[in-house]
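Architecture and fold: a report
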Amino acid sequence: MKNALLSLLFVIPASVFAQTQLDLSYYLPDGVKLDPSIPTPKSVIGHEVGEWHVSHDRLVNYMYALDKASDRITLEVTGHTYEGRPLLLLTITSPKNHQNIESIRQQHLQLTDPAKSASLDVKTMPAVFYLGCSIHGNEASGANAGLIGAYYLAAAQGPEIEKYLDNTIILFDPSFNPDGLHRFSSWVNSRKSISISVDANDTEHHEPWPGGRTNHYWFDLNRDWLVAQLPESQARIRKFQQWKPNLLTDHHEQGTNASFFFMPGVQSRVHPLTPPKNQELTRKLGEFHAKALDQIGSLYFTQEGYDDFYYGKGSTYPDTQGAVGILFEQASSRGHAQESINGVLRFPFAIRNHFTTMLSSVKAINELREEFLNYQRDFYKTAAAESAKDPVKAYVVGASKDKTREFHFGEMMLRQNVDFYKSDAGFVVPANQPNYRLVKAMFEKRTKFDDSLFYDISSWTLPLAFGMDYQELKTVPALGTKVTELKMPVGRITGDNAKYAYVFESYGYYAPRAIYRLLSHGIRVKVSNDVFNHTDGKRFERGALMVSLENQDLSPEQISVYIKEIAQKDGIDIWGFNTGLDYKGVSLGSNSFSALHKPTIAMVIEGGVSANDAGEMWHLLDTRFNIPVTLIPQSVFNTANINK
Ligand SMILES: [Zn+2]
């Protein structure tokens with residue numbers, strides 16, 4: 001059956017074939033033997049890959065089916081998206097490696113520990129390859145290619161693939177952004193005609209606001225690898241840090257008139273903290289991709305357009321950690337087929353290019369395995385020498401007036417496996433640690449650049465981004481306790497069961513949440529416009545919040561319950577007052593206090609509104625402050641009554 005279809009391929013140009021008689025053999029390399037006990041994608045998802053855009057639920061079903069059928073695959077759910085979709089990770093390797101997977105992981109991690117790495121024999125160690133698809137949900141050919149990639153890795157037979165699976169641990173993420181992929185597939189499938197219009201103006205190519213690029217709250221997940229504030233990133237970074245892969249590939253789409261891009265990017269825009277050897281390995285990988293794309297006749301380009309500068313992107317983040325990150329960009333058909341300057345670009349063609357470079361990546365990491373393993377070992381071994389040359393020996397970072405922000409900053413460092421220590425001023429981060437380059441990437445203020453152009457983000461000094469107090473130190477101070485876990489801080493209550501009023505300051509990150517909760521319970525809250533003092537000497541600046549016990553609908557006992565909740569949940573310190581008198585500042589009944597009113601918030605969305613900006617605000621109000629916001633589409637806003 002397969003041979004007959006293959007011979008058909010030789011007489012019918014691929015683009016026509018893709019439209020009329022799409023078959024799995026269009027994608028697969030010639031002559032590959034396949035294990036018939038492994039289900040094909042079509043047998044589970046109900047259509048040939050590329051005929052429709054796979055929805056995330058069907059993709060999940062297929063990955064579970066592969067896990068069940070193949071002893072090369074184990075599947076785990078690493079987390080969930082905001083919309084409750086599972087984040088899947090398939091570990092794909094030989095059955096023999098699966099039996100020793102934990103000891104392989106432990107040994108692999110020793111490559112990143114200079115105290116242990118010298119004695120390791122890389123000849124006998126597998127490489128670790130993290131392969132991820134379509135972090136931008138509307139760049140769907142990556143995730144659709146992943147169906148074939150996973151099928152091939154489970155089903156292909158013969159000495160070559162078996163050798164590869166013996167020598168590689170593949171961490172396979174079939175969808176980096178399930179909510180975005182699902183949103184996009186729903187749209188594009190719902191606008192598909194039987195006789196596809198290839199006109200770029202067709203509705204199929206114009207998904208509605210906000211588009212499928214982003215996650216539920218309209219964040220670009222491919223800018224979140226370093227700060228990892230979103231559940232998709234957190235699950236992924238946990239796995240990355242558990243395994244410390246040698247290679248990470250990131251499958252995207254670009255403009256319809258382009259061809260196919262693989263890294264390296266523009267050489268003058270490689271971040272200076274990335275060792276030159278990283279780019280040398282990237283070029284060596286490129287030779288494998290070029291050869292594979294030459295074989296199927298696909299056009300491609302490299303060393304142009306894209307760059308390896310911002311470490312918060314998937315293809316650059318690994319460069320701070322002894323790995324190599326690779327960006328792939330396929331010209332987008334967006335829908336199922338679209339005209340381009342290169343002729344009609346069909347979705348299956350886009351999928352085939354990604355699948356082809358998935359295989360060339362597997363081949364490349366195998367051929368270059370020892371070089372990658374040695375590079376990773378050297379990367380961590382040379383960190384001490386690099387930090388010795390650096391005049392900055394440590395960073396001290398903290399937020400004295402906001403322990404919750406300090407906590408969240410610490411959380412971020414823990415997530416990234418940074419060594420840091422508790423100090424009176426917050427945290428001390430020594431430069432001399434295996435993660436020296438990652439620490440430097442997070443903390444340095446870079447103001448000079450070799451090139452004046454960037455793909456996008458050019459500066460991101462994280463203590464400044466978090467609004468932290470921060471200092472570079474020329475000597476390492478005495479280190480306190482190493483931080484290995486952090487708990488959300490609980491506020492202190494000074495003067496419990498107050499008779500007269502409760503006061504808290506406005507510095508806390510969660511102060512808006514606390515205020516909104518009080519107002520929601522019908523408690524009257526005032527804000528001071530002048531300074532005042534507690535009898536214990538504590539001085540309150542303008543902006544402090546005051547809840548008097550008189551003039552309230554709730555009893556003092558009920559109010560104290562909600563006040564304690566602020567200390568517990570929001571990490572804010574509370575002061576109880578038993579008198580309103582203050583001769584040094586204003587007294588609590590002063591007209592310098594203004595009453596706060598519970599806000600009713602609406603935000604205009606859609607139309608020309610930036611989804612990234614709107615989503616950031618929605619996420620902040622909804623998930624951090626628990627404040628409801630009405631998202632009013634522009635078209636509704638024009639006729640809406642917004643008096644309330
Ligand atoms: Zn992209």
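Residues numbered from 1 in each chain as written. Predicted model: local features only at pLDDT ≥ 70, side-chain atom pairs only at ≥ 80, totals over all residues. Heavy atoms only, no water.

**Here's the deal with the overall build of the protein**
A count of helical and extended segments in the protein gives 22 helices and 25 strands. The C-alpha atoms of the protein give a radius of gyration of 28 Å, which matches the 26 Å a tight globule of 644 residues would have. Taken over the C-alpha atoms alone, the protein extends approximately 95 × 65 × 50 Å along its principal axes. Counting every position in the protein, which comprises 644 residues, the buried fraction comes to 56%. In the protein, of all internal contacts separated by at least 6 residues, the share reaching a separation of at least 24 is 77%. Of the roughly 26,800 Å² that the protein leaves accessible, carbon and sulfur atoms contribute 51%. Across the protein, 64 positive and 71 negative side-chain charges occur, with their mean positions spaced 4 Å apart. (Helix = DSSP H or I, 4+ residues; strand = E, 2+ residues; numbered from the N terminus. Rg over C-alpha atoms; globule rule 2.2 N^0.38 Å. Buried < 20%, exposed > 50% of the residue type's maximum accessible area, 1.4 Å probe, protein only. Contact = heavy atoms within 4.5 Å. Areas by Shrake-Rupley, 256 points an atom, 1.4 Å probe, with all protein chains shown as cover. Lys, Arg positive; Asp, Glu negative; His and termini not counted. Charge placed at Lys NZ, Arg CZ, Asp CG, Glu CD.)

**Notes on the nonpolar core**
Judged by nonpolar contacts, the single largest core of 73 residues is most densely connected at Tyr27, Met63 and Tyr152. Looking at this core, the element that brings in the most residues is helix H8 (residues 141-155), giving 10 residues. Beyond its immediate stretch of four places on either side in the chain, tyrosine 152 contacts Leu28, Pro29, Val32, Arg72, Ile161, Phe355 and Leu359. Listed in part, the 59 residues of the second largest apolar core include Phe176, Tyr217, Val418 and Leu462. (Core = buried A, V, L, I, M, F, W, Y, C linked by side-chain atoms within 4.5 Å.)

**Some words on the sheet that holds strand S16 (residues 493-494)**
With respect to topology, 6 strands assemble into an open sheet ordered S16-S22-S17-S21-S18-S23, the strand pairing being mixed. The sheet is open, and its two borders are formed by S16 and strand S23 (593-595), each paired with just one other strand. Pairing analysis gives 2 bridges linking strand S18 (residues 526-528) to strand S21 (residues 545-548), with the strands arranged antiparallel. Paired with lysine 526 across the bridge in S21 is methionine 546. (Pairing = 2+ DSSP bridges.)

**Section: the sheet that holds strand S13 (residues 421-423)**
Spatially, the 4 strands line up as an open sheet ordered S13-S14-S12-S15, and their pairing is antiparallel. Sheet topology places S13 and strand S15 (469-473) at the edges, where each strand pairs with a single neighbour. Neighbour-to-neighbour, the strand axes of the sheet open up by a mean angle of 25°, direction not taken into account. The strands that helix H16 (residues 403-415) touches are strand S12 (394-398), S13 and strand S14 (426-430); relative to S14, the one it contacts most, it runs at about 25°. Where helix H17 (residues 436-443) meets the sheet, its contacts fall on S12, S14 and S15, and the angle it forms with S12 comes to roughly 50°. (Axes fitted to C-alpha atoms, helices over the stretch in contact; angles between N-to-C directions.)

**Notes on the coordination of the zinc ion**
Donor atoms from the polypeptide that bind the zinc ion are His136 (ND1), Glu139 (OE), Glu139 (OE) and His252 (ND1), placed at 2.0 to 2.7 Å. Here the donor residues of the zinc ion share one chain and are spaced in sequence as H-x2-E-x112-H. One end of the pair, histidine 136, is in the loop between strand S4 (127-133) and H8; the other, histidine 252, is in strand S7 (residues 247-254), with 116 residues separating them in the sequence. Accessibility assignment for this pair places histidine 136 and histidine 252 in one class, buried. (Donors = N, O, S within 2.8 Å, 3.2 Å for Na, K, Ca; no water.)

**What to know about the packing of H8 against helix H13 (residues 347-367)**
At a closest axis distance of 8 Å, the pairing of H8 and H13 adopts a crossing angle of 50°. One way to sum up the angle between H8 and H13 is to call them oblique. When the axes of H8 and H13 are compared, the crossing they make is right-handed. Of H13, the residues touching H8 (which contributes Ser141, Gly142, Asn144, Ala145, Gly146, Ile148, Gly149, Tyr152 and Leu153) are Phe347, Ala350, Ile351, His354, Phe355, Met358, Leu359 and Val362. Within the contact of H8 with H13, the residues separate by chemical class into 11 nonpolar, 6 polar and no charged. (Parallel < 35°, antiparallel > 145°, perpendicular 65-115°, else oblique. Left-handed = near helix turned anticlockwise from the far one by under 90°. Nonpolar A, V, L, I, M, F, W, Y, C, P; charged D, E, K, R; others polar.)

**Points about the packing of helix H12 (residues 276-296) against H13**
It is the contact of H12 with H13, at a shortest axis distance of 8 Å, that shows an interaxial angle of 140°. As judged from the angle between their axes, H12 and H13 are oblique. Viewed along their axes, H12 and H13 form a crossing whose handedness is right-handed. The segment H12 lies against H13, with Leu285, Phe288, His289, Ala292, Leu293 and Ile296 engaging Arg352, Asn353, Thr356, Thr357, Ser360, Ser361, Lys363, Ala364 and Glu367. Its residues assigned to classes, the contact of H12 with H13 comprises 6 nonpolar, 6 polar and 3 charged.

**Here we look at the pattern of salt bridges**
Tallied over the entire structure, the rule returns 37 salt bridges. The shortest N-O distance in the salt bridge between aspartate 456 and arginine 223 comes to 2.5 Å. Of the two residues, aspartate 456 sits in the loop between H17 and helix H18 (462-465) while arginine 223 sits in the loop between helix H10 (178-190) and helix H11 (231-243), which places them 233 residues apart along the sequence. In this structure arginine 223 comes out as buried when scored by relative accessible area, which is 18%. (Salt bridge = Lys/Arg side-chain N within 4 Å of Asp/Glu carboxyl O.)

**Here's the deal with the side chain of serine 117**
Structurally, serine 117 can be placed in helix H7 (residues 114-117). Not counting chain neighbours up to four residues away, the residues in contact with serine 117 comprise Gln110, Leu111 and Arg377.

**Re the environment of lysine 381**
By secondary structure assignment, the location of lysine 381 is in helix H14 (residues 369-381). Spatially, the C-alpha atoms of lysine 381 and glutamine 234 are 27 Å apart, while their sequence positions differ by 147 residues.

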